[in-house]
Amino acid sequence: MRTEAFIDGAFHPAADGRTFATVSSRDGSEIAQVARGDVADVDRAVTAARRAFDRGDWALADPAQRGRVLRRLAELMTDHLDDLAALESQDTGHPIGDARGVDVPNAARCLAWYGEAVDKVYGEIAPTAADALALIGREPLGVVGAVVPWNYPLIVTAWKLGPALAAGNSVVLKPAEQSPLSALALAELAAEAGIPDGVLNVVPGLGEEAGQAIGRHDGVDKVAFTGSVEVGRRFQVYAGESNGKAVSLELGGKSPQVVLADAADLQAVAEAIGWGIFYNAGQTCHAGSRVVVQRAIADELVERLTGVAAGFVPADPRAPDTVLGALITADHLDGVMGRVERAAAGGATILAGGERAEPVPGGSYMQPTLIAADDPADPIVAEEVFGPVLVIQTADDIEDAVRLANDTRYGLAAAVWTSDVRTAGRVARRLRAGTVWVNTFDASSMATPFGGMKDSGHGRDRSLHALDAYTQLKTTWISLA
Ligand code: NAD
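Keep in mind that what you see is a predicted model, and the values were worked out from it rather than measured.

**Focus: the packing of helix α4 (residues 96–117) against helix α5 (residues 153–166)**
To characterise two packed helices, one gives the angle between the axes of the helices and the distance between these axes.
Step number 1: Running from N to C, α4 and α5 cross one another at 10°; their axes reach a closest spacing of 8 Å. What the angle tells us is that α4 and α5 run roughly parallel. Across from V102, D103, V104, N106, A107, C110, L111 and Y114 in α4, the residues of α5 making contact are L154, I155, A158, W159, L161, G162, P163 and A166.
Step number 2: Tallied by class, the residues present in the contact of α4 with α5 amount to 13 nonpolar, two polar and one charged.

See below:
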């Protein structure tokens with residue numbers, strides 16, 4: 001297990017020797033002490049990244065070569081599937097089946113996808129007069145800082161590294177302090193795959209320390225951030241108070257599942273909604289955490305959802321058949337429970353769950369929870385909970401459902417369930433979210449961009465659009481006169 005910062009191709013302790021504990025979500029035990037990077041470590045990493053960028057053995061390499069290395073890294077991840085999945089599950093509480101079947105394969109697929117794509121993207125020639133040849137090309141930005149959360153450490157990291165590295169940038173990555181281990185393992189594999197020294201650096205540490213140091217460093221050209229709305233806004237301030245670096249923000253959500261009275265097969269709808277909120281214990285940015293159901297079918301849907309929720313039994317993340325593992329930390333569980341208790345005290349109705357669970361002593365577990373709450377201003381309706389908590393709102397008609405669905409500060413994702421294709425198209429057009437699913441939830445592909453509107457941010461991960469986001473346009477005007 002790697003626990004030191006990875007800078008300029010080698011592992012190092014923090015400059016001041018400090019460490020922090022990373023703790024198992026499964027049972028609350030300490031897994032390891034990890035280097036606590038701070039300003040000096042980030043500065044060292046940014047300096048190495050800049051030197052590597054200027055050296056050009058990555059930034060100026062044939063894109064096909066960068067592609068080969070990224071595809072090799074994806075292969076190495078697959079070769080080390082068991083180790084990476086075990087680290088990810090231990091650090092985050094994800095069920096081991098999900099870590100093996102989803103987290104590691106999806107992260108590897110993302111790196112391979114950008115490795116396959118990068119030598120198939122062309123520039124442009126501008127329509128000028130015949131006495132000039134104006135070339136419009138894309139160049140890497142330079143040094144990219146990537147600051148990521150704990151909920152899907154490998155996947156979100158790959159969403160940043162894939163396009164940033166494919167485009168030729170150098171990267172300084174800061175994993176979340178709750179889940180630093182898989183990023184450090186990935187750095188070792190990246191070196192083995194052939195990523196040159198200094199091109200990928202990983203500085204573990206606390207948000208206020210290493211995270212802020214990346215945000216404020218004058219040598220960082222862009223920060224790609226995924227995390228909470230509040231911290232995302234801090235990065236915009238850091239940028240404004242330092243070198244005005246670009247900042248992309250992938251933030252939280254309170255995504256509505258709009259279920260209309262003509263939805264087909266309510267049992268299938270209830271199951272999709274259950275997976276959409278209880279997968280990863282609800283700690284998913286685009287979790288479908290809010291149902292907006294038309295009154296005519298509300299009772300039937302709630303009954304079916306209650307049955308579905310009962311199938312998500314909190315259990316040991318190490319067990320191969322577990323579907324609902326641990327929440328990330330005891331503090332986070334306390335926060336989720338506090339929100340549920342305040343909602344109940346304020347008049348919301350707990351329809352199922354609402355309690356802690358203890359399948360493994362010392363871990364942070366919670367029963368899948370359903371809450372009926374009709375006041376859009378109630379914090380349980382308005383705010384991201386980031387736990388296995390589904391809020392149910394009732395709508396009078398389609399117009400009311402669209403109004404309730406859009407009555408939120410967030411705009412990451414939404415779904416509409418209806419058997420009328422015209423209604424589906426009309427409602428999908430009006431839902432303000434970066435992704436709208438129709439009669440499904442959480443379907444995705446590397447080929448589709450993912451990101452938010454409104455307070456959910458403005459960046460887009462995945463797809464060729466994300467590759468654009470790690471490049472800048474350059475015009476080269478050649479006189480033919
Ligand atoms: P967070 O904002 O607390 O932390 C995210 C990262 O920022 C971590 O690496 C953390 O160390 C760092 N950080 C924290 N405080 C900082 C500070 N003051 N200065 C600089 N860096 C700081 O978020 P989290 O709790 O780790 O993750 C959960 C959030 O992430 C949820 O809101 C979730 O919706 C969001 N998320 C969004 C997406 C998306 O693609 N839109 C994906 C996953 C998670």
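**Side note on the nonpolar core**
Step number 1: Counting 68 residues, the largest nonpolar core has L73, M77, L111, Y114, L165, V171 and I195 as its most contacted members.
Step number 2: With eleven residues, α4 is the single largest residue contributor to this core.
Step number 3: In this view, M77 contacts L84, V104, A107, A108, L111, L154, L186 and L189; residues no more than four positions away in its chain are not counted.

**Here we look at the sheet that holds strand β6 (residues 132–140)**
Step number 1: Strand order in the open sheet formed by three strands is β5-β6-β23, and the pairing between neighbours is antiparallel. The outermost strands of the open sheet, each flanked by one partner alone, are β5 (124–125) and β23 (471–479).
Step number 2: In terms of strand pairing, β6 meets β23 through nine bridges, oriented antiparallel. Counted as the bridge partner of A134 is W477 from β23.

**Some words on the site of the ligand**
Step number 1: The ligand sits among 29 residues. The nearest are V148, E177, S228, Y238 and E384.
Step number 2: Within the contact set of the ligand, a nitrogen atom lies 3.3 Å away from a backbone nitrogen or oxygen of G207.
Step number 3: Between the ligand and G227 there is a distance of 3.3 Å, counted from an oxygen atom to a backbone nitrogen or oxygen.
Step number 4: Alone, the ligand offers 840 Å² of accessible surface; in the complex the protein occludes 91% of this.
Step number 5: When residues of the shell around the ligand are traced back to their parent elements, those giving at least two are α7 (207–216), β10 (222–226) and α8 (229–241).
Step number 6: When grouped by side-chain class, the residues that make up the shell around the ligand number 15 nonpolar, eight polar and six charged.

**Comments concerning unusual backbone geometry**
For residues besides glycine, phi is generally negative; the peptide bonds are generally trans as well.
Step number 1: Unusually for a residue other than glycine, D265 sits at a positive phi of about 55°.
Step number 2: Along the chain, D265 turns up in the loop between β12 (256–259) and α9 (266–278).

Rules of the game
Residues numbered from 1 in each chain as written. Predicted model: local features only at pLDDT ≥ 70, side-chain atom pairs only at ≥ 80, totals over all residues. Heavy atoms only, no water. Axes fitted to C-alpha atoms, helices over the stretch in contact; angles between N-to-C directions. Helix = DSSP H or I, 4+ residues; strand = E, 2+ residues; numbered from the N terminus. Parallel < 35°, antiparallel > 145°, perpendicular 65-115°, else oblique. Contact = heavy atoms within 4.5 Å. Nonpolar A, V, L, I, M, F, W, Y, C, P; charged D, E, K, R; others polar. Core = buried A, V, L, I, M, F, W, Y, C linked by side-chain atoms within 4.5 Å. Buried < 20%, exposed > 50% of the residue type's maximum accessible area, 1.4 Å probe, protein only. Pairing = 2+ DSSP bridges. Near = heavy atom within 4 Å. Polar contact = N/O pair within 3.5 Å; in protein donor to acceptor, adjacent residues only side chain to side chain. Areas by Shrake-Rupley, 256 points an atom, 1.4 Å probe, with all protein chains shown as cover.

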